[in-house]
Amino acid sequence: MALSRLRHPLLSHSLRILSSSTRSISRTPSSRIYSVGGNGNLRPTSWSGLTGVCDRPLKSKWIGVKFFSSSDFPHEVLSMPALSPTMTQGNIAKWRKKEGDKIAVGDILCEIETDKATLEFESLEEGFLAKILVPDGSKDVPVGQPIAITVEEESDIQNVSAASVGGESKVEEKKPTTQDVADEESKTESTSTIDTSDLPPHEVLGMPALSPTMNQGNIAKWNKKEGDKIEVGDILCEIETDKATLEYESLEEGYLAKIVAPEGTKEVAVGQPIAVTVEDAGDIEAVRNSFSSSPVNQKEKAPQSSTKSEVKTSKNNTARISPAAKLLITEYGLDASTLNATGHHSTLLKSDVLSAIKSGKLSPKPASSKAKAPPSQSHQAAASEESKSDLKQSDAYEDFPNSQIRKVIAKRLLESKINTPHLYLSSDVTLDPLLSLRKDLKEQYDVKVSVNDIIIKVVAAALKNVPEANAYWSDEKGEVILRDSVDISIAVATEKGLMTPILKNADQKTISAISSEVKELAAKARAGKLKPQEFQGGTFSISNLGMYPVDKFCAIINPPQACILAVGRGNKVVEPVIDADGIEKPSVATKLNLTLSADHRVFDGKVGGAFLSALKSNFSDIKRLLL
């Protein structure tokens, strides 16, 4: 059935099938489910076969999800926990327990090296450590990935060791990443309420990952309507990613039976269903009626409708409290009976307390009868004053929705400012030779170029002269990596945010060639039509605000690059010069400020000084760039 991809082959939504002679497999996220028979043939099966490791998705909890295999012995999968707010992966520094060891509540299972420190992973229940899935020394284990299996009875250890536990063998064969867990959650949510066993052949199209940093996208426009015939190469819809608005193209023919995510749907997770297609027109109605509502809307409405019931049912259901949760409850003075415990056997976890604190729906501990009245009155007064002020200010502001691009820009800039040690170097250069060259090109050769076009050539020549500046810092290797080509990223302001199209091999191109290519890339950027290879990569960035009344500014580095040059406007100044007679006299010159923001891990004073010296030399003798 119809699989869709982008027009560009590098971003095709490729078919991935993990097969086994006795195991259920799936075709792309949220697609039709197939099973393999004894003769090796694929046949459709119901979506209930997509269970993976357990009957519900893994979550980043202190303790994994309890589930039962076909052999009916209880076991538990322990996942890599999120031990700090910024942690996305961790290293297994040391296992304190061995396979077969008995574990009690409070025992230290292993030491985990996070992005902040090395912390201890504590057991909340007693049992036996049956299987270690991730051994000592394992690096970069994603949060949520299974790391061990425990059982309640010692006699069940051999069953786990023999790989008879429902899906643990799959855990070792295919180690899920955080994205896999998120995809599995979205698949479970969107398909768990739909019985597809009796439906005709159909295909569920999921939101594709159209760029390396994309984890969600917006449906900008549907080019096809429900019931439309689709051919190979037809554009189904336009998807707004974190970089640009790209087209989603059909690879096979069929009919668009149901649009699950309508136009304007925001923040659809990668892998979440957006449409359903069928092979025959006669199957459209049957499939359309089965997919009656959008999982996106269900996901948004679910928390609103279930909030009250969750609060009610959470009261008095806490049987155990983890040590970390106890500390938080004591620190914030909370009533543990009002918190929703999601751990096994109604264990209140640290994450449960943090979720309650984030949501703001906190219930303080009941105070003594003597002190009860005054605090409650003061709280009521404060709450009423706050509600009044909120009502007064409700009309004083307007929410301005962010595009997906602006959200990612904000996140990347913050990460860059926090994680990259910025070094700032500033210098004034004389702009008159550049302006003279630009005038000559126009008058003598009828070649119209901008000041920015010539600056790009100047910078590219300086990077060629100082190759140490054309480099970046590798976190994996912990060293500086020199680039072979000089690829300049140009900052272009668009309605959706700042884009940085790349001018490849700028040092090898003429000024007129640079001018025409920059115009073409800028037009594509403003129209949201840049291809991924036209904005991903680059070795050096230039941000020019010379067309505005900005004398100088400091720009933020665009990782993984190590440099960005901030260009201000030219200003006429009076400076002393020595004429041919050796007499000093005043002269008017146009000066331009350049501020280099550099990664201090790549640039030290010597490299930065050499690069600015090469820049200044190129500006002074601008005509040599034509050679």
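In this convention, every chain numbers its residues from 1, walking through the sequence in written order. Since the coordinates come from a predicted model, pLDDT governs what is reported: local features require at least 70, and pairs of side-chain atoms require 80 or more to be given and counted, while whole-chain, interface and lining totals use all residues. By convention in this description, side-chain values take in all heavy atoms of the structure and omit both hydrogens and water.

### Overview of the overall build of the protein
Here is the rule we go by: Helix and strand labels come from DSSP, where a helix needs a run of H or I of at least four residues and a strand needs a run of E of at least two; each type is numbered from the N terminus. Working definition: with a 1.4 Å probe on protein chains only, accessible area under 20% of the residue-type maximum means buried, over 50% means exposed, and in between means partly exposed. Per-residue and other accessible areas follow the Shrake-Rupley method at a 1.4 Å probe size, with only the shown protein chains counted as cover for residues.
Looking only at helices and strands, the protein features 14 helices and 33 strands. Counting the 627 residues in the protein, one finds 44% classified as buried. When the accessible surface of the protein is summed, it comes to about 32,600 Å², and 51% of that surface belongs to carbon and sulfur atoms.

### Here we look at helix H11 (residues 451–465)
Two residues of an α-helix separated by three or four positions point the same way, owing to the 3.6 residues in each turn. Selection rule: Take the residue count of a helix, subtract one, and multiply by 1.5 Å to get its expected span.
Its 15 residues place the ends of H11 21 Å apart at the C-alpha level, agreeing with the 21 Å of an ideal helix rising 1.5 Å per residue. Most of H11 sits out of view: 12 of its 15 residues are buried. What H11 keeps buried is the set Asn452, Asp453, Ile454, Ile455, Ile456, Lys457, Val458, Val459, Ala460, Ala461, Ala462 and Leu463.

### Some words on the side chain of Asn470
For clarity, the cut-off: Should any heavy atoms of two residues lie within 4.5 Å, those residues are counted as being in contact.
With respect to the helices and strands, the residue Asn470 is situated in the loop between H11 and strand S25 (471–474). In this structure Asn470 touches Leu463, Leu482, Arg483, Ser485, Val486 and Thr539, once residues within four positions along its chain are discounted.

### Some remarks on the nonpolar core
When a protein is soluble and globular, its nonpolar side chains tend to lie buried together. Note the threshold: We define a nonpolar core as any set of buried Ala, Val, Leu, Ile, Met, Phe, Trp, Tyr and Cys residues linked to one another through side-chain atoms lying within 4.5 Å.
Within the largest apolar cluster, 48 residues are counted, with the highest numbers of intra-cluster contacts made by Val459, Ile488, Phe540, Phe603, Phe611, Leu615 and Phe619. No other element matches H11, which puts 9 residues into this core. In this structure, Leu109, Leu133, Ile157 and Val160 belong to the second largest nonpolar core, which totals 26 residues.

### Structural notes on the sheet that holds strand S12 (residues 141–142)
The line we're drawing: For two strands to be treated as a pair, DSSP must find at least two bridges joining them.
In spatial order, the strands read S10-S9-S7-S12; together these 4 strands make up an open sheet with antiparallel pairing. At either margin of the open sheet sits one strand with a lone partner, and together these are strand S10 (118–122) and S12.

### Comments concerning the environment of Glu252
Within the secondary structure, Glu252 sits in the loop between strand S18 (245–250) and strand S19 (254–259). With a relative accessible area of 28%, Glu252 lands in the partly exposed category. Between the C-alpha atom of Glu252 and that of Glu279, which follows or precedes it by 27 residues, the distance is 9.5 Å.

### Some details on the environment of Tyr248
You can see Tyr248 is positioned in strand S18. Relative accessible area serves as the criterion here: at 1%, Tyr248 is assigned to the buried category. The spatial distance from the C-alpha of Tyr248 to the C-alpha of Glu238 is 6.0 Å, given a sequence separation of 10 residues.

### Some words on the packing of H11 against helix H14 (residues 605–620)
Cut-off, in case you're wondering: Note on definitions: angles span 0 to 180 degrees between N-to-C directions of axes, and those axes are lines fitted to C-alpha atoms, for helices only across the stretch in contact. Every angle not falling under 35 degrees, over 145, or within 65 to 115 is termed oblique; those three ranges are roughly parallel, roughly antiparallel and roughly perpendicular. Should the near helix be turned anticlockwise from the far one by less than a right angle, the crossing is left-handed, and should it be turned clockwise, the crossing is right-handed. Following the grouping adopted for this structure description, the nonpolar residues are Ala, Val, Leu, Ile, Met, Phe, Trp, Tyr, Cys and Pro, the charged ones are Asp, Glu, Lys and Arg, and the polar ones are all others, Gly among them.
Two elements in contact, H11 and H14, have axes separated by 9 Å at closest approach and are oriented at 135°. Judged on the interaxial angle alone, H14 and H11 are oblique. Relative to H14, H11 is oriented so that their crossing is right-handed. Here Ile455, Val458, Val459, Ala461, Ala462, Leu463 and Asn465 of H11 come into contact with H14, specifically with Phe611, Ala614, Leu615, Asn618 and Phe619. Per-class residue counts for the contact of H11 with H14 are 10 nonpolar, 2 polar and no charged.

### With respect to the packing of aromatic side chains
Our working definition: Only rings of Phe, Tyr and Trp enter the pairing, Trp through its six-membered ring, and a pair is recorded when the two centres are within 6.5 Å. The plane angle decides the type: under 30 degrees is stacked, over 60 is edge-to-face, the rest tilted. A ring is scored as having a charge over it whenever the NZ atom of a lysine or the CZ atom of an arginine sits within 6 Å of its centre and within 35 degrees of its normal.
Taken as a whole, this structure holds 1 aromatic pair when the rule is applied. For the ring pair Phe540 and Phe611, a centre distance of 5.6 Å and an interplane angle of 45° mean the geometry is tilted. Taken together, the residues span a long stretch of sequence, with Phe540 in strand S31 (residues 540–544) and Phe611 in helix H14 at a distance of 71 residues. If you follow Lys102 out to its NZ or CZ, it ends over the ring of Phe128, 5.0 Å from the centre.

### Overview of the pairing of strand S11 (residues 127–132)
Most of S11 is tucked away: 5 of the 6 residues are buried. Note that strand S8 (residues 102–103) and S11 share 2 bridges and pair antiparallel. Bridged to Ile103 within S11 is Gly127. Pairing between S11 and strand S13 (residues 146–151): 4 bridges, direction antiparallel. When the sheet's bridge partners are listed, Leu129 is paired in S13 with Thr150.

Treat this as a map of the structure, not an account of what it does.
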